[in-house]
Amino acid sequence: MDGRAETEMNAPIGIVADRTSDFVDTRLTAPGIRCAGCIGKIERELSGVEGVDSVRVNFSAKRVAIVHDPEVDEDQLIAALREIGFDAAPIADNPLGNDDAESRKLLRALAVAGFGMMNIMLLSVSIWSGASGATRELFHWLSALIALPVIAYAGMPFFTSALMALRYRRTNMDVPISIGVLLATGLSLYETATGGGHAYFESAVMLLFVLLSGRALDASMRNRTRAGIGALLGSMGKSASVLAPNGSTSRVPANELEPGMLVLVAAGEALAADGEIEEGSGAIDNSMLTGESTPENVTKGSTVHAGAINLSTPLRIRLTKTVSDTAIAEIARLMDEAGQSRSRYVRIADRASRLYAPAVHTLSLLAFVGWMIAGAGWHQSLIIAIAVLIITCPCAMGLAVPAAQVVASGALLKQGLLVKDGSALERLAECDTALFDKTGTLTLGEPRPDLSNLDAGERSIALALAQSSRHPLSRGLTEALHDCAVPPAALEDVREIEGHGVTGIWKGGEVALERPSHTAAAMSVNLRVGDISHLVRFEDTLRDDACETIAAMRALGLEPRILSGDRSDAVRTVADELGLESDAGATPQKKLQALELLKQQGRNPLMVGDGLNDAPALAAAHASIAPGSASDVSQQAADAVFIGRKLMPVALAIKVSRKTMRIVRQNLGFSVLYNVCAVPLALFGFVTPLIAAIAMSISSLVVVANSLRLARSARVPGA
Amino acid sequence: MTGLTFLIPIALGMGAMGLAVFFWAMKHGQFEDLDGAAQRILIDDEEDGA
């Protein structure tokens, strides 16, 4: 590592642009970064690449920032990363990742409110302990001097949101907060100017601080999981190599492709538009669209769809439908329509505030009117009315929901489940039916070989051959052989013949891993050592803990079933093994209909799926979960994403979200109880700034402490 | 009482300094990669003679 990277531990490399003005900055996402070794390896190896000036890994976001010569292009950097074992992709414009700026704004406001709160509290404590006369007046003025700019800055998020709500003749949590803070500040200013005894500056600022911590927690939860999901999003079919008539190729983004263009699709690349094969033949993986795991053989004249992955030789494809006409775009439209019902969902905090705000405002108004009638004078009546507002300001309520949800989502994150936001947790808790897709969800979605007919020597030859290829079957084979700790054999002259297989020389004889001559079994390869050959069959196996997860879901009262786009015999095998009911051959439209039917029966379905064909269903379901290997669209449509080979996080998500809602209700219940006790004090004029400050801190602490109980909720028993 | 004329500005100044440091840290990306810093201490630099 070079010295500069050492000294600027966390600084993004781009800021040293003055010295490296002729270098460019490239950011790649590499989801495979898992440990310190990965950081070291990437930074060491990539720095050695010709033309690379410096490399910096961001471990949290799983990103690599590279400062390099403009002559080195992105593809070369990706290739260099692949060589050292990391799959990387350019960072796409991620529609999920735009609220980073919002959370920074909240953090800044929180810091300012914290600063103001501490200093004003310092002055207030001396007033409460008996400072009087000129000292008290001086301290009040000082407090006002600090509080006014702090409230103007830190209160902005609430004021703007409240204004927005009022403009549309609605009310939200921010309306009572803003009214409370502004009235308290106004009254305190008046008290200060007239030399009165009670200024509520510290209460106003403390209220902002506590509420801002709730907001900041909420935003940080969203950011953390969205960064995680952003790292998983690949570059699937977002651009294509277009062949010009003179034979040169150029990269064209998917949204600029036009029908009639001739594109070259390399092995392992995803199609960016629909088209017809003009040259070449081989197999494509259509599982993203259909959910069917067996590769489909295609040849000249076959129609292929965007989202399909080319598995074999490079194909030349004449585009027929692009951008919004593709089969994928049709799915996206279905998704948009399906997702609308979800945006109408009202979160529990807003439901609570719809009842709460009118009640509090009426009470405060009644207090004012009551004391006026009792003859207390308008000044005294106003002070009491404002005290009612301050003491009932939804301090605990503003924390009740986010505190519990942040702790729960942190606990789930440790178990490999990223929940996108609080609303997702609330909806997950309400699910009562679960629908599972098959390929990639109940199964791993990647072929696993049956190695029983290979001996140790053959296994090591197979590994040596397989690890030099990127074909999905080779990758499955490599992974399985790594798991049995087989060392690769020393081979010479290993060559990959596109569309045919891999060959090499072992102890003077030819060895090969090739496509079987008879194409009866689509998912198999032939291992040839000299004259002896073995057929290695592949299967898309169930996730290890699928059975236990299904049992756990049943124990939680959810009735799981399978809803798959795959062939009915393939689905039935899995369904029988797990003891589930199943529907096979479902198109995206049919999946939507099935969900609508369940909703009409008054049920809240949970959809778990990965393919593009599941995306509309994921958007339409009451709540949805996708595996980390799912298509980008599905991950964006889903409420939560689980990473790794286990299915258990799905059951865990339901369990923890229900527990979270229990805690949230307890928190809200406590807030109401607190108000029931505190309001009479305020109504009868016993509340002083000191009492308001103490009551506010205690109620917030109780809510936070109660929420922290969730930290242990996601632990798997025995793990 | 005269002590206050020193103490209050000092207290405010120190608080403001902390605030300024926090703003600086945020602007310079110190919070960008919180888990990375924990992992980096495990990297063995001597391996490549650096």
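Rules and cut-offs
- Residues numbered from 1 in each chain as written.
- Chains lettered and ligands numbered in written order.
- Predicted model: local features only at pLDDT ≥ 70, side-chain atom pairs only at ≥ 80, totals over all residues.
- Helix = DSSP H or I, 4+ residues; strand = E, 2+ residues; numbered from the N terminus.
- Buried ≥ 20, exposed ≤ 12 C-beta atoms within 10 Å, placed from the backbone.
- Contact = placed C-beta atoms within 7 Å.
- Core = buried A, V, L, I, M, F, W, Y, C linked by C-beta atoms within 7 Å.
- Pairing = 2+ DSSP bridges.
- Expected span 1.5 Å × (residues − 1).
- Bend = angle between axes of the 7 residues up to and from the residue.
- Axes fitted to C-alpha atoms, helices over the stretch in contact; angles between N-to-C directions.
- Parallel < 35°, antiparallel > 145°, perpendicular 65-115°, else oblique.
- Nonpolar A, V, L, I, M, F, W, Y, C, P; charged D, E, K, R; others polar.
- UniProt positions renumbered as here; feature names shortened; annotations may be inferred.
- pLDDT = per-residue confidence, 0-100.

- An unreviewed UniProt entry annotates chain B as Cbb3-type cytochrome oxidase assembly protein CcoS of Erythrobacter ani.

### What about the overall build of chain B?
Okay, so step 1: Scanning chain B for helices and strands turns up two helices and zero strands.
Okay, so step 2: Among the 50 residues that make up chain B, the fraction classed as buried is 6%.

### As for the overall build of chain A
Okay, so step 1: Along the backbone of chain A there are 24 helices and 26 strands.
Okay, so step 2: Partitioning the contacts of chain A with sequence separation of at least 6, the portion at a separation of at least 24 is 69%.

### Some details on the nonpolar core
All names here are of chain A.
Okay, so step 1: One finds A113, V205 and L208 to be the most contacted residues of the largest nonpolar core, which totals 140 residues.
Okay, so step 2: The element that contributes the greatest number of residues to this core is helix 23 (residues 648-683), accounting for 16 residues.
Okay, so step 3: If we skip the residues at most four places from it in the chain, V205 touches A113, G116, M117, I120, A147, V150 and I151.
Okay, so step 4: A240, V265, A273 and A308 belong to the second-largest nonpolar core, a separate cluster that totals 20 residues.

### Here's the deal with the interface of chain A and chain B
Okay, so step 1: Taken together, the contacts link 24 residues of chain A with 24 residues of chain B.
Okay, so step 2: Secondary structure elements with two or more residues in the side of chain A that touches chain B: helix 2 (36-47), strand 2 (52-58) and helix 4 (100-128) of chain A.
Okay, so step 3: Among the elements that line the side of chain A that touches chain B, the one with the most residues is helix 4 of chain A, at nine residues.

### Things to note about the pairing of strand 2 of chain A
Residues and elements named next belong to chain A.
Okay, so step 1: Among the seven residues that make up strand 2, seven are buried, leaving the element largely enclosed by the rest of the structure.
Okay, so step 2: Pairing between strand 2 and strand 3 (residues 63-68): six bridges, direction antiparallel. If you follow V52 over to strand 3, its bridge partner there is H68.
Okay, so step 3: Between strand 2 and the antiparallel strand that follows it, strand 3, lie four residues; K62 among them carries a positive phi value of about 55°.

### Details of helix 5 (residues 133-154) of chain A
Residue and element names in this part refer to chain A.
Okay, so step 1: In a regular helix each residue adds 1.5 Å, so 22 residues correspond to 32 Å; helix 5 covers 31 Å between its end C-alpha atoms and thus fits that length.
Okay, so step 2: Its axis deflected by about 25° at A147, helix 5 carries its strongest bend there, up to four residues before the proline P149.
Okay, so step 3: For helix 5, every residue scored as buried is listed here: F139, H140, S143, I146, A147, V150, I151 and A154.

### Quick notes on the packing of helix 14 (residues 422-429) of chain A against helix 23 of chain A
Residues and elements named next belong to chain A.
Okay, so step 1: Between helix 14 and helix 23, whose axes approach to 8 Å, the crossing angle comes to 100°. As judged from the angle between their axes, helix 14 and helix 23 are roughly perpendicular. Where helix 14 approaches helix 23, its residues L425, E426, L428 and A429 are matched on the opposing element by A653, I654, S657, R658, T660 and M661.
Okay, so step 2: Across the contact of helix 14 with helix 23, the residue classes break down as six nonpolar, two polar and two charged.

### Let's talk about the UniProt feature "transmembrane region" (unreviewed entry) in chain B
Okay, so step 1: According to UniProt, the "transmembrane region" (unreviewed entry) feature falls on residues 6-25 of chain B.
Okay, so step 2: As annotated, residues 6-25 of chain B has a helix share of 100% and a strand share of 0%, and its two end C-alpha atoms lie 29 Å apart.

### Structural notes on the pairing of strand 7 (residues 262-265) of chain A
All names here are of chain A.
Okay, so step 1: The side-chain alternation of strand 7 yields one buried face, formed by V263 and V265, and one unburied face, formed by L262 and L264.
Okay, so step 2: As paired strands, strand 5 (residues 239-243) and strand 7 are joined by three bridges and run antiparallel to one another. Bridge pairing in strand 7 links V242 to V263.

### Observations regarding the sheet that holds strand 13 (residues 315-321) of chain A
All names here are of chain A.
Okay, so step 1: The strand order across the open sheet formed by six strands is 6-5-7-13-8-11, and the pairing between neighbours is antiparallel. Where the open sheet ends on each side, the last strands, each with one partner, are strand 6 (249-253) and strand 11 (303-304).
Okay, so step 2: Relative to strand 13, strand 7 runs antiparallel, the two sharing four bridges. What sits directly across from L264, in strand 13, is R316.

### A closer look at the sheet that holds strand 9 (residues 282-285) of chain A
Residues and elements named next belong to chain A.
Okay, so step 1: Reading across from one edge, 10-9-12 is the order of the three strands in this open sheet, with antiparallel pairing throughout. Of all strands in the sheet, those with a lone pairing partner are strand 10 (296-298) and strand 12 (309-310), marking the two edges.
Okay, so step 2: Bridging between strand 9 and strand 10 involves three bridges; their strand directions are antiparallel. Note that in strand 10 the partner of G282 across the bridge is V298.

### Here we look at helix 4 of chain A
Okay, so step 1: Between its first and last C-alpha atoms helix 4 of chain A spans 41 Å; for 29 residues at 1.5 Å apiece the expected length is 42 Å, and the two agree.
Okay, so step 2: Downstream of helix 4 of chain A by a residue or two, G130(A) has a phi angle that is positive, lying close to 120°.

### What to know about the confidence of the model for chain A
Residues and elements named next belong to chain A.
Okay, so step 1: This prediction gives chain A a mean pLDDT of 80; 88% of its residues lie at or above 70.
Okay, so step 2: Ranking the elements of chain A by mean pLDDT puts helix 1 (residues 3-7) last, at 41, and helix 5 first, at 92.
Okay, so step 3: Segment residues 1-20: pLDDT under 50, and 29 contacts once partners within four positions in sequence are set aside and those in other chains are kept.

### Brief notes about the environment of S474(A)
All names here are of chain A.
Okay, so step 1: Summarising the element assignment, S474 is placed in helix 17 (residues 472-483).
Okay, so step 2: For S474, a count of 22 C-beta atoms within 10 Å puts it in the buried group.
Okay, so step 3: In this structure the C-alpha to C-alpha distance between S474 and L513, which are 39 residues apart in sequence, comes to 8.8 Å.
Okay, so step 4: Excluding residues within four positions of it along the chain, S474 makes contact with A466 and S469.

### Regarding the confidence of the model for chain B
Okay, so step 1: Mean pLDDT over chain B works out to 81, with 86% of the residues at or above the 70 mark.
Okay, so step 2: This complex was scored by the predictor with a pTM of 0.74 and an ipTM of 0.83.

### Observations regarding the packing of helix 4 of chain A against helix 1 (residues 2-27) of chain B
Okay, so step 1: Close contact between helix 4 of chain A and helix 1 of chain B brings their axes to 10 Å; oriented N to C, the two are set at 170°. With respect to each other, helix 4 of chain A and helix 1 of chain B are oriented roughly antiparallel. Facing R104(A), L107(A), R108(A), A111(A), V112(A), F115(A), M118(A), N119(A) and L122(A) of helix 4 of chain A, the residues of helix 1 of chain B in contact are A11(B), L12(B), G15(B), L19(B), F22(B), F23(B) and M26(B).
Okay, so step 2: When the residues that make up the contact of helix 4 of chain A with helix 1 of chain B are grouped by side-chain class, the tally is 12 nonpolar, two polar and two charged.

### Observations concerning the environment of A272(A)
Okay, so step 1: Here A272(A) is to be found in the loop between strand 7 and strand 8 (274-279).
Okay, so step 2: As a C-alpha pair, A272(A) and A254(A) span 18 residues in sequence and 5.7 Å in three-dimensional space.

### Re the environment of S302(A)
Residues and elements named next belong to chain A.
Okay, so step 1: Locating S302 in the fold gives a position in the loop between strand 10 and strand 11.
Okay, so step 2: Of the residues examined, S302 has 15 C-beta atoms within 10 Å and is grouped as partly exposed.
Okay, so step 3: In sequence terms S302 and G275 are 27 residues apart; their C-alpha atoms lie 8.5 Å from each other.

### Points about unusual backbone geometry
Okay, so step 1: In this model, K507(A) sits at a positive phi of 45°, which is unusual for a non-glycine residue.
Okay, so step 2: Relative to the elements of secondary structure, K507(A) occurs in the loop between strand 18 (501-506) and strand 19 (509-514).

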